[in-house]
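Fold and contact review
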Amino acid sequence: MSLIFHDIHHAYGAREVLRGIDLTVAPGEIVCLLGASGCGKTTLLRLAAGLEPLQSGRIELGGQVIAEPGRDVPPERRGVGFVFQDYALFPHLTVAENVAFGLRFAPRGERGWRVMDALARVGLEAYQASFPHMLSGGQQQRVALARALAPRPAVLLLDEAFASLDARLREQVRDDTLHVLQTSGIATLLVTHDSEEAMFMGDRIALMREGKILQLGAPEALYFGPADRYV
């Protein structure tokens, strides 16, 4: 399913953080929102997930309106997966139980094999009985990814998902994650302030500054044909 943003405006008090965002993420496509801190990247992700009420514009998923002023589909009914920067794993639950948490609305008989299928996608079947504190940072990130994928969302949102990893580990985890995303066929919106990461991960890059998209296109297009000095 495609995720479409139409003329999105959003403000916190008097400060406008999104100023007329138009963006489409196609099924199976990875779009990277690239920009400095405070440019509105995470706000756009939170609006797509339903974690903020939409003030102006319209968001569609698979041809259905999921958000417009005064009408927001609840987050749990949107079919959107979210991977947070700090992974947000439950320390008292095993890896399998963490992944199963997103399957509360799935038929009970399906949950077990869907948990194992999600863990298999990220190569962690052997760790199903482990607890988060027993895992490395890269493994915790993959558990968070498996939990987001288990409900089979139409869209996956990643908010600086690799920022807390050290440089050596980050490269490996990014490579593993890219493989999982490319084989899943899910529309993916990834927030980063790392231009190298955006070039590596994205089919297209939306470069943002002060609440606007300055340039949108393939990584090579932005690298070899920047629209302005900032890009």
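Residues numbered from 1 in each chain as written. Predicted model: local features only at pLDDT ≥ 70, side-chain atom pairs only at ≥ 80, totals over all residues. Heavy atoms only, no water.

The strand order across the open sheet formed by six strands is β7-β8-β9-β3-β10-β11, and the pairing between neighbours is mixed. Looking along the sheet, the strands with just one partner apiece sit at the ends: β7 (80-83) and β11 (212-217). Across the sheet, the mean angle from the axis of one strand to that of its neighbour is 20°, orientation sign disregarded. Pairing between β7 and strand β8 (residues 155-159): four bridges, direction parallel. Looking across to β8, one finds that glycine 81 is bridged to leucine 156. The strands touched by helix α1 (residues 41-49) are β3 (30-34), β7, β8, β9 (187-192) and β10 (204-209); relative to β8, the strand with the most contacts, the crossing angle is about 145°. Along the sheet, helix α4 (residues 137-149) contacts β7 and β8; its crossing angle with β7, the most-contacted strand, is approximately 170°. (Pairing = 2+ DSSP bridges. Helix = DSSP H or I, 4+ residues; strand = E, 2+ residues; numbered from the N terminus. Axes fitted to C-alpha atoms, helices over the stretch in contact; angles between N-to-C directions. Contact = heavy atoms within 4.5 Å.)

The next subject is the pairing of strand β2 (residues 15-25). Pairing between strand β1 (residues 3-12) and β2: eight bridges, direction antiparallel. Along β2, the bridge assignment pairs alanine 11 with glutamate 16. Taking the residues that link successive antiparallel strands as the turn, the β1-β2 hairpin has two residues, and the phi of glycine 13 there is positive, at about 65°.

We now examine the packing of aromatic side chains. Tallied over the entire structure, the rule returns three aromatic pairs. Measuring from centroid to centroid gives 4.4 Å for phenylalanine 82 and phenylalanine 84, while their planes differ by 15°, and the two rings are stacked. Between tyrosine 223 and phenylalanine 224, the aromatic rings sit 5.1 Å apart at their centres with planes inclined by 85°, giving edge-to-face as the arrangement. Taking relative accessible area as the criterion, tyrosine 223 reaches 59% and is therefore assigned exposed. Given a relative accessible area of 69%, phenylalanine 224 falls into the exposed group. Geometry around tyrosine 230 places arginine 209 over its ring, the cationic atom sitting 4.0 Å from the centre. (Phe/Tyr/Trp six-rings, centres within 6.5 Å; stacked < 30°, edge-to-face > 60°. Buried < 20%, exposed > 50% of the residue type's maximum accessible area, 1.4 Å probe, protein only. Lys NZ or Arg CZ within 6 Å of the ring centre and 35° of its normal.)

Taken in spatial order, the five strands of this open sheet run β2-β1-β4-β5-β6, and their pairing is antiparallel. With one partner strand each, in any of the chains shown, β2 and β6 (71-72) form the two edges of the open sheet. α1 rests against β1, β2, β4 (56-61) and β5 (64-68) of the sheet, and its axis sits at about 115° to β1.

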